[in-house]
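Spelled out from the first residue to the last, the chains are:
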Amino acid sequence: MQITHYGHAVVHIVTETGTRLIIDPFINGNPFCQIKPEQLAVDVILLTHAHSDHFGDTLELAKQHDALVITVLELADYLENQGVRVHGMQPGGSHPFDFGKVTLTQAIHGSSLWIDDKPFTFGLATGIILEIENKTLYHLGDTALFSDLSLYGKLYDIDLAFIPIGDNYTMGPEHAKLAAQWLQAKKVVPIHYNTFPLIEQDPQAFVNSLDENQGFIPSIGESFDLNNH
């Protein structure tokens, strides 16, 4: 399984069988992302919530590749109305797909999108647990710290967790450190930082605060194999 972090909360995954997934495809407008949407091949798009820095280029990518979008039901309904293939879910629900199993988790955050200069809300924000090829990945999305993260750490053997550290809109480094401890994740990658002035953080300081060899900062745009970390 090849995994690539494109900055902010964008995570691209290519499974051993060749399925290409992307989480929160904020490509255009992402100062860390050096590629264009047309350069990304995707089969599945997973959205944690509707905010523009996560929803990003979903419509363009979905239509370009006839990709399936998996997200909370209210946002899925909107996308289906735009001619996109969707699978709607709700927090707490799981569903098996050809590439693996998806579970939407709780996240404490808003979920809205500006359409025709007006804001619309689209259900609840979520995190995403992916069980793929005997690995469990947890993308927390945008969220505050919440105690049920300790339950997820007991329910799942989490190989890799993507945890926001930016503060202001999400948990900050101190709460993210607690999240990593509660999840008991084997590996942790910080996300959602330094994209805007309000979320500037030192990711290396966060990684240094974790258990030895637990956290790492992958080079943006370069793929890594989880088995090598």
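Under an unreviewed UniProt entry, the name given to the protein chain is UPF0173 metal-dependent hydrolase HZY91_08895, and the source organism is Facklamia lactis. A UniProt comment under Sequence similarities (unreviewed entry) is attached to the protein chain, and it reads "Belongs to the UPF0173 family."

Caption draft 1: Focus on the nonpolar core. Residues Ile3 and Val102 are the most contacted members of the largest nonpolar core, which totals 27 residues. Counting only elements with at least two residues in this core, the list comes to strand 2 (11-14), strand 3 (20-23), strand 4 (44-46), strand 5 (68-72), strand 8 (100-106), strand 11 (126-132), strand 13 (160-164) and strand 14 (187-191). For this core, the leading source of residues is strand 11, giving three residues. Counting 25 residues, the second-largest nonpolar core is a separate cluster that includes Ile27, Ile45, Ala50 and Leu61.

Caption draft 2: Quick peek at the environment of Ala205. Its location among the elements puts Ala205 in helix 6 (residues 203-209). Measuring from C-alpha to C-alpha, the distance between Ala205 and Pro173 comes to 8.7 Å, with 32 residues separating the pair along the chain.

Caption draft 3: Summary view of the UniProt feature "domain: Metallo-beta-lactamase" (unreviewed entry) in the protein chain. What UniProt calls "domain: Metallo-beta-lactamase" (unreviewed entry) maps, in this numbering, to residues 7-192. Across residues 7-192, the secondary structure splits into 21% helix and 33% strand, with the terminal C-alpha atoms separated by 7 Å.

Parameters at a glance
Residues numbered from 1 in each chain as written. Predicted model: local features only at pLDDT ≥ 70, side-chain atom pairs only at ≥ 80, totals over all residues. Heavy atoms only, no water. UniProt positions renumbered as here; feature names shortened; annotations may be inferred. Core = buried A, V, L, I, M, F, W, Y, C linked by side-chain atoms within 4.5 Å. Buried < 20%, exposed > 50% of the residue type's maximum accessible area, 1.4 Å probe, protein only. Helix = DSSP H or I, 4+ residues; strand = E, 2+ residues; numbered from the N terminus.

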